[in-house]
Amino acid sequence: MILVTVKRSILFALQSFWRNIWLSLATIFIISLTFLSINFLVVINAISDSAIAAVKDKIDVSVYFKQDVRESKIAEMKSHMETLPQVERIVYISPDENLEVFKERRKDDLVIQEVLAELSGNPLGATLVVKAKNLSDYSEILKAIDNPAYADLIEKKSYDDHQAAIENINTITKNIKKGAWIISIMFIIIAVLIVFNTVRIAIFTHQQEIGIMKLVGATNGFIRSPFILENIFSGVIACAIAVSVIYFILSLVQPHLNNFFAGVDVNLIGYFNNNFIVIFGSQLVGIIILNIISSSLALGKYLKV
Amino acid sequence: MIHLVNVTKTFEPNTTALKDINLHIEPGEFVSIVGQSGSGKTTIARLLISEIKPSKGKVIVGGWDITNIKHRQIPLLRRQIGVVFQDFKLLPKKTVFENVAFALQVAGVAKKRINKIVPQVLKIVDLGDKLNRYPQELSGGEKQRVAIARALIHRPKILLADEPTGNLDAINSKEIIDLLLKINEFGTTVVLVSHDKDVVNGLKKRVITLEEGQISQDQKVGKYVI
Ligand SMILES: Nc1ncnc2c1ncn2[C@@H]1O[C@H](COP(=O)(O)OP(=O)(O)OP(=O)(O)O)[C@@H](O)[C@H]1O
Ligand SMILES: [Mg+2]
């Protein structure tokens, strides 16, 4: 019996969809635009996230120790620093490793190579590379390093401040996001109004039918479901259209992305592929909930009696 | 079968459609409700299918106190009461068969069963050969018979007919009334709301007369006196 009812609701919904085909198309169009603008937000998010992640990854504090500092002293400092809640991890680089890297990097510089060859020992000290959990944690970490107890050990420390770069990314994306949000909210409001009106018009053209349905004992659910189904149907089609358009645009844009964000790996198609269900599923669920709410609102008055 | 206990119905702001009505209709009865326009006849009918609620008093249908019926139980009530109106209330874009089948569809009845019982009921109202006509291809009497078939399709305990002959000529009216009598003989309680003096007087059944929202007469074998 439930199956029969579901089948009939779907049939009624399809009929109504075709009977008001232009209205249905307008609904689909506007819901598609809503999806597109929301996914533009998703794209901006993805890009800024990977850009910021890339920059963040480059940030750390390097502590260069004097050449004669004993390894145990450094280990002590390392284990002490590791107890700080702000510290993500600390990497110890021995003097030998530092020398290796240095030699490697300057292997074309003949003067340096000569000088190094003449030196008997290793002129370089050890290094600790400290990575913080959050960008804002570096000030605390720098303070900890400035502890007078360590002053004698440390040759110098370097902190490449990418804060400015990150702030730039943040403000740019914030502004773009703001615009995208405004557009999205506008589209959402328009979508609600359109869905609401679609239902209103559908009800109007079915007024007589609804009255008779009630007289012969149709439940409100039975009366309501074709209208809601009709709009869910529009939502699903709009979602499919939005997905196709988005992938089409992404396939055009993707090849240029890596040039544009030099060095930052932004794989939008991959991002959408990996999060397909989350991104489009939640949007579809959202539009369906929206549909049910606006359909119920539009129908409410008619179902009272 | 039908009990109205001290029922008053007022419409905002200040119309009193029914005033302290007490009415008792037994199962299997054939009752006519008559009265001038505005005397409250339709209001009684609307109370019985819970289209409106009484302002005071109790409404009991088939032992079921529907005074404060829950919203989602109203459909169940309406499947137990067949209703017929002056304006037929048929869907113009559906055939005779579809119009009757519609009442079963909304109740979730399987197609196979619909295909079986709809022609049976249409045969009872003598429309067995007009299943595929559209309402505009039928006479008024035939349209009303389609409406009656639809009202009967759920095998209701009560058939409520509000001025079913209001739009029909004498011959068609007689056919409809005969049909209602036949339905009553099958055991269904029939409540007929009517203006038509000849119709009511010819019945020789119980007549309840309403005057300004109150029962002024209730006769076992009644006459339309006003
Ligand atoms: N929804 C409403 N709002 C306000 N007043 C109403 C409403 N429905 C009915 N009435 C009033 O209640 C009174 C009884 O109406 P009702 O429809 O029961 O009369 P009736 O006996 O069926 O008349 P008729 O023979 O013309 O059909 C009338 O005065 C009418 O104006
Ligand atoms: Mg009336």
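Residues numbered from 1 in each chain as written. Chains lettered and ligands numbered in written order. Predicted model: local features only at pLDDT ≥ 70, side-chain atom pairs only at ≥ 80, totals over all residues. Heavy atoms only, no water.

A. Fine view of the site of ligand 1. Residues and elements named next belong to chain B. Neighbouring ligand 1 are 14 residues, the closest being S37, G38, K41, T42 and T43. At a separation of 3.3 Å, an oxygen atom of ligand 1 approaches a polar backbone atom of S39. One of the side-chain nitrogen or oxygen atoms of E163 is found 3.5 Å away from an oxygen atom of ligand 1. The protein chains hide 63% of the 640 Å² of surface that ligand 1 would expose on its own. Looking at the shell around ligand 1, the elements with two or more residues in it are β2 (15-25) and α1 (41-48). Counting residues per element, the shell around ligand 1 draws most heavily on α1, which supplies four residues. Of the residues that constitute the shell around ligand 1, the class distribution is two nonpolar, nine polar and three charged. (Near = heavy atom within 4 Å. Polar contact = N/O pair within 3.5 Å; in protein donor to acceptor, adjacent residues only side chain to side chain. Areas by Shrake-Rupley, 256 points an atom, 1.4 Å probe, with all protein chains shown as cover. Helix = DSSP H or I, 4+ residues; strand = E, 2+ residues; numbered from the N terminus. Nonpolar A, V, L, I, M, F, W, Y, C, P; charged D, E, K, R; others polar.)

B. The arrangement of the confidence of the model for chain B in detail. Here chain B shows a mean pLDDT of 92. Residues at 70 or above account for 99%. Across the interface, the model reports ipTM at 0.82; the global pTM reads 0.69. (pLDDT = per-residue confidence, 0-100.)

C. Structural view of the interface of chain A and chain B. Facing 20 residues of chain A, the contacting portion of chain B comprises 26 residues. For the pair chain A and chain B, the two sides together bury roughly 1900 Å², of which 64% comes from carbon and sulfur. Contact with chain B buries area across many residues of chain A, yet R8, L215 and V216 of chain A alone supply 33% of it, more than any other trio. Elements with a contribution of two residues or more to the side of chain A that touches chain B: α1 (2-19), α9 (207-215) and α10 (220-260) of chain A. Among the residues forming the side of chain A that touches chain B, the class breakdown is 11 nonpolar, five polar and four charged. (Contact = heavy atoms within 4.5 Å. Buried area = accessible area lost by both parts, 1.4 Å probe.)

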